[in-house]
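# Structural overview
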Amino acid sequence: MPAQRTQLPRAFSFERLPALVVAALSMAVYCAFSYFQYRHFLTPSWDLGIFAQLLQAYSQGQLPPVVPIKGAGFNLWGDHFHPILLLLTPFYWMRPQPDTLLYVQNGLVALSAYLLCRFAQRVLPTAGAVLLAGAYAFSFGISQAVAAQFHEVACALPLLVMSLGHMVLARGQDRSEHLIRAGLWALPLAWVKEDLGFTVAVMGLLIMARSGRLSAAGAAVAPRRGANPVSWRVRSRQAVDSLAASTSAVTGLAVMTWGLAWTLLAVEVILPHFNTNGVFDYADKIDLPAAVGDPLQSAALMFYPWQKSLTLGTLLLVGVLCWVSSPLALVTVPTLAWRFLSDNEGYWDTTWHYSMVLMPMVFCALLDALARFSYTARTLVRPASQHGMVARWREATDAFRTPSRIVVPVLAALVAAIMLFQSPLTQLGNPHFATGQLSAEDLMKQSVVDAIPRGSVVASDLSVLTYLVPDREVYWIGHRGAPAPEYVVIDRANSAWGGQPPEDPVAYGREHFGVSYQVFRQIGTVTVLQRTVR
């Protein structure tokens, strides 16, 4: 009786192993970084505290969510539009601590790296796919975002990879199926943040273009010179019929409409409705009428001041220049436009979390550029009659296609490796950072947290702000007036004071909150005040 070959279930296919290794490595590295960062009370901003209070409200069934760090009675649904964060509530139920969000974010990064590697394996050799996914996972946009701690845009990473990845595969077989899937995966992006609706609209336009029907509709509306003249109504009808005949083109149109509709609804209706002042707080970040009215100046502002050019240059290098040859590169335009047309200098640089969503866009565009070579080499039949310069050019491009599928990923990985030397991840090589042992400063801050009773109302600077969230009602130190907190935390050494902490903490508390305070604890550089009038 012939021996039967034991077949592994599809779930254990060895084809998935390289992608799993990339995902596991990125998860391990970023979780180690997040652990040490949180362990040593390194707080770059108040954002983690804000999102922790948001998830705390969701886990307690408090809708709409009130986030005291932003102000008394502040409804976070009036700040940014991110309903997708409701899906993270189960994670906070399981572990109601702020750093839970750090590990969730790292998981989303790892998942997106896994997905990118799996898509790349359909186009590139396995080694090239692993190098490309690894370059993505440790790119500057991802590492800087992890160092800036949790932000809602992390939820966009797997969605972007899934949508753009299917657009890449649409170059091959089953074009319509892949484009429909790309459209479906793009839809939830509109619920990640209000500006991503514009990105979704561009993705819808790209789906229409890749369906092949957009050019046909354009030819119907604007026929070539010399064609039989027909009325505008007939031409419009022909264009509509051309688009309607393709399910993928209709999908693209629906996606584009969906993205624009949600952005307009969020900015004009939802956010002002829930906002304390009845407005969209970030409407003044970009002077849209001026940007549209003077396009030349707007174009110049995309490059100057020079921090913008540096960021653009870094993006070009990360994608080994090739990514801009793909139509998918257009997906980066909305994010770059709102960042660079704003007068907020923090948006222009390569730091913080603002480049996080650009990374899957850049690497999927790079994969698309490589897929163009791959699919062309497989499907294009050369005419036998080609001779001379045309034939030599074809031979040269054919010779380039195969090595480019490994050389370009190698270059991308090399660029990512070089940039790691300027990455926050270098702190993992610092023995004072990469240790579970608390320093004297860490022990001081832990003592401050332990000294403040659970269930109390407290205002704090950045020193221990996030760490007080789980069991207390926490306000930012800049909060004024009612409700007057029971405790006030002032760390003279904290960067939030800009080197000018209050000389008299008791007087500061009285002036800010209108009630009397006394020193409750003096722990190193930290003064903890207690309210004396109830």
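Please read all numbers here as calculations on a predicted model, not as lab measurements.

### Looking at the confidence of the model for the chain
When the pLDDT values of the chain are averaged, the result is 88; 86% of them are 70 or greater. Within the model, the stretch residues 1-6 combines pLDDT values under 50 with zero contacts to residues more than four positions away or in other chains.

### Some details on the pattern of salt bridges
Applying the stated criterion across every chain, the model contains seven salt bridges. Across the salt bridge formed by Asp79 and Lys70, the nearest N and O atoms sit 3.6 Å from each other. Asp471 serves as the salt-bridge partner of Arg454, at 2.2 Å between the closest nitrogen and oxygen. With Arg454 in the loop between helix 19 (440-451) and strand 1 (457-460) and Asp471 in the loop between strand 1 and strand 2 (473-476), this pair connects stretches of sequence that are 17 residues apart.

### Concerning the packing of helix 15 (residues 306-318) against helix 16 (residues 333-340)
Contact geometry of helix 15 with helix 16 gives a least axis separation of 11 Å together with a crossing angle of 160°. With respect to each other, helix 15 and helix 16 are oriented roughly antiparallel. For the crossing formed where helix 15 meets helix 16, the hand is right-handed. Facing Lys308, Thr311, Leu312 and Leu315 of helix 15, the residues of helix 16 in contact are Leu336, Arg339 and Phe340. Considering only residue class, the contact of helix 15 with helix 16 consists of four nonpolar, one polar and two charged.

### With respect to the nonpolar core
With 126 residues, the main nonpolar core has Leu85, Ile142, Met359, Phe363 and Leu367 as its most contacted residues. Here the element with the most residues in this core is helix 4 (residues 99-121); it accounts for 13 residues. Not counting residues up to four positions away in its chain, the partners in contact with Phe363 are Leu116, Leu132, Ala135, Tyr136, Ser139, Val318 and Ala412. Ranked by size, the runner-up nonpolar core spans 14 residues in total, among them Ala459, Trp497, Phe513 and Val515.

### Side note on the sheet that holds strand 1
Pairing is mixed across the open sheet formed by five strands, whose spatial order is 2-1-3-5-4. The open sheet is flanked by strand 2 and strand 4 (517-523), the only strands paired with a single partner. Shown here is a sheet whose adjacent strand axes are inclined to one another by a mean of 25°, direction ignored. Along the sheet, helix 20 (residues 505-513) contacts strand 1, strand 3 (487-491), strand 4 and strand 5 (526-531); its crossing angle with strand 4, the most-contacted strand, is approximately 135°.

### Overview of the packing of aromatic side chains
By the definition in use, this model includes 22 aromatic pairs. Each member of the aromatic cluster is reached from another via a ring pair, and the members are Phe33, Tyr35, Phe36 and Phe433. In this structure, Lys308 packs its charged tip against the face of Trp348, placed 4.5 Å from the ring centre. The ring centre of Phe520 lies 4.4 Å from the NZ or CZ of Arg521, which sits over that ring.

### Regarding the side chain of Thr311
Summarising the element assignment, Thr311 is placed in helix 15. Among the polar contacts listed, one links the side chain of Thr311 to the backbone oxygen of Trp348, at a separation of 2.5 Å. In this view, Thr311 contacts Arg339, Phe340, Trp348, Asp349 and Thr350; residues no more than four positions away in its chain are not counted.

### What about the environment of Arg95?
Here Arg95 shows up in the loop between helix 3 (89-94) and helix 4. By relative accessible area, Arg95 is classed as partly exposed at 37%. Apart from the residues lying within four places of it in its own chain, the contact partners of Arg95 are Thr100 and Tyr103.

What counts, and where the lines are drawn
- Residues numbered from 1 in each chain as written.
- Predicted model: local features only at pLDDT ≥ 70, side-chain atom pairs only at ≥ 80, totals over all residues.
- Heavy atoms only, no water.
- pLDDT = per-residue confidence, 0-100.
- Contact = heavy atoms within 4.5 Å.
- Salt bridge = Lys/Arg side-chain N within 4 Å of Asp/Glu carboxyl O.
- Helix = DSSP H or I, 4+ residues; strand = E, 2+ residues; numbered from the N terminus.
- Axes fitted to C-alpha atoms, helices over the stretch in contact; angles between N-to-C directions.
- Parallel < 35°, antiparallel > 145°, perpendicular 65-115°, else oblique.
- Left-handed = near helix turned anticlockwise from the far one by under 90°.
- Nonpolar A, V, L, I, M, F, W, Y, C, P; charged D, E, K, R; others polar.
- Core = buried A, V, L, I, M, F, W, Y, C linked by side-chain atoms within 4.5 Å.
- Buried < 20%, exposed > 50% of the residue type's maximum accessible area, 1.4 Å probe, protein only.
- Pairing = 2+ DSSP bridges.
- Phe/Tyr/Trp six-rings, centres within 6.5 Å; stacked < 30°, edge-to-face > 60°.
- Lys NZ or Arg CZ within 6 Å of the ring centre and 35° of its normal.
- Polar contact = N/O pair within 3.5 Å; in protein donor to acceptor, adjacent residues only side chain to side chain.

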